[in-house]
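Survey of secondary and tertiary structure
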Amino acid sequence: MRPASLFIVFIVICHLELGLPSSCRAETSTPNFIIIFIDDMGYGDLGCYGNTTTRTPNIDRMAAEGLRFTSFYTSCPVCTPSRAGLLTGRYPIRSGLTRVLFPSSKDGIEDKEWTLAEGLKERGYSTACIGKWHLGHLPEFLPTRHGFDSYFGIPYSNDMDLVQRAEPPLPLMRNEAIIEQPANQDTLTRRYTEEAVGFIEAQKDQPFFLYLAHTMVHVPLHVSPEFKGHSASGLYGDVVEEIDWSVGQILAALERLHLDEKTLVVFTSDNGPWLIMKDHGGSAGPLRNGKGTTFEGGVREPGIFRWKGTIAPNRVTDEPAVNLDLFPTFLLLSGGTLPENPVLDGEDIRGILLGNGHRASQNFFFFHRENLQAYRSGDWKLKRASVEKTVNEPDLLPTMLFHISDDISEKNNLADKFPDRVKQMEQEMQAFEASLGDLPPGKR
Ligand code: MG
């Protein structure tokens, strides 16, 4: 919810301000937005990111018809904070949503947070949340209280139904009511897709924002009977291929309804693959480690943007960006302006999307819970020394400096070779921490 004193004074942005090609102007003043947000999908799970086993023709086509990022980051490498960052445009440390919420949690996103859905509603958009929410399951925290006109999905992760933790069977909700318990997980990807297509069809004549946050490919893996044994890469591949089918259905609906040139579609993941799940977890491709870590495997995600007629096809960019950037970028594209308060960490990336500019800052901060653990600045990444238990790493990790543009696999620790750079980047991290000021306590 946004304090009245902070209201956006909205303006009609002239198309020249957007820097759009003249042929696109009539179609792009108020684009629709669709975010397809996958849970725990790795950087190496898609054909367009180098996977040679699992078939993802629809996602690959989406990339071919638009812009594919090679350095698109999440705001945090686990579920709840990643979503908090995406929907507020602010590092999760600012909202206190730094940790994964459970069915026993009493916390969630607070009213004072201003979500992307609320911002777009102010601009006249219809808004729908379909899929996994995970920003609090109690009524005051649900999507319908934070800017979404409707909600269909599960309120937290699909593995949070453990009897030994006294967790209830997994609920499936419509708006604020449980309509099925336990949710039939085999049908979730299909039903989410049908809901999404239905929403698009119903809203085809007015601007809309669809946040489609799939439950899959988070474990336990579930798939429709038609996709069982569908892939050459086991159950995980089957689940990815059903997600790919889902993307195909969304794109087909846009084409059928002549919304291709009026709709910006973004495909990304909340965090990297859950490697301890072995063949039920995804692949980080060339990246080091996965979910829950601030190595690239945890924080660098697939990032695909498609907007026919505005984003040129067949583009690949190495310019880094982060899911925090969707908030300001979408608000500006909707004709709104950005608030001075609250502080946004996301930045306008219209220049990258349109190919005529850059992200103003090349700095990205990576937290593990409440701790700032890593920092990318341009070509360089510093990872502070830490003690953590993760796969394929020693428990005690030293200070690491990588030339991340040349070494995306984080193989060559250059900290000893460039002590001055380590010192400078450490100072910049401390300055950022100091700038955060008083912060709310972490939510559980
Ligand atoms: Mg996740």
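A brief report on the enclosed structure follows. Quantities reported herein were computed from a predicted structural model and do not represent experimental measurements.

1. Overview of the pattern of salt bridges
Scanning the entire structure with this criterion turns up 33 salt bridges. Its salt-bridge partner being Glu65, residue Lys308 comes within 3.9 Å of it at the nearest N-O pair. With Lys308 in the loop between strand E9 (300-306) and strand E10 (315-317) and Glu65 in the loop between helix H3 (57-64) and strand E2 (67-73), the pair connects residues that are 243 residues apart, well separated along the chain. Among the ionic pairs, Arg306 bridges to Asp260, the shortest N-O distance being 3.1 Å. Taken together, the residues Arg306 in strand E9 and Asp260 in the loop between helix H8 (234-256) and strand E8 (263-269) connect sequence positions 46 residues apart. Judged on exposure class, the residue Arg306 and its partner Asp260 are both buried.

2. Observations regarding the coordination of the magnesium ion
The magnesium ion binds to the protein through Asp39 (OD), Asp40 (OD), Cys79 (SG), Asp270 (OD), Asp270 (OD) and Asn271 (OD1); the donor distances cover 2.1 to 2.8 Å. Its 6 donor atoms give the magnesium ion angles of 51 to 156° at the centre, a pattern that matches the irregular case. Within one chain, the residues serving as donors to the magnesium ion are arranged as D-D-x38-C-x190-D-N. Linking Asp39 in the loop between strand E1 (32-38) and H3 with Cys79 in helix H4 (residues 79-88), this pair joins segments that are 40 residues apart in sequence.

3. Comments concerning the environment of Ile250
Mapped onto the elements, Ile250 comes out in helix H8. In this structure Ile250 comes out as buried when scored by relative accessible area, which is 0%. Placed 77 residues apart in sequence, Ile250 and Met173 show a C-alpha to C-alpha distance of 22 Å.

Rules and cut-offs
- Residues numbered from 1 in each chain as written.
- Predicted model: local features only at pLDDT ≥ 70, side-chain atom pairs only at ≥ 80, totals over all residues.
- Heavy atoms only, no water.
- Salt bridge = Lys/Arg side-chain N within 4 Å of Asp/Glu carboxyl O.
- Helix = DSSP H or I, 4+ residues; strand = E, 2+ residues; numbered from the N terminus.
- Buried < 20%, exposed > 50% of the residue type's maximum accessible area, 1.4 Å probe, protein only.
- Donors = N, O, S within 2.8 Å, 3.2 Å for Na, K, Ca; no water.
- Tetrahedral: all angles 85-135°; square planar, octahedral: opposite > 155°, others 65-115°.

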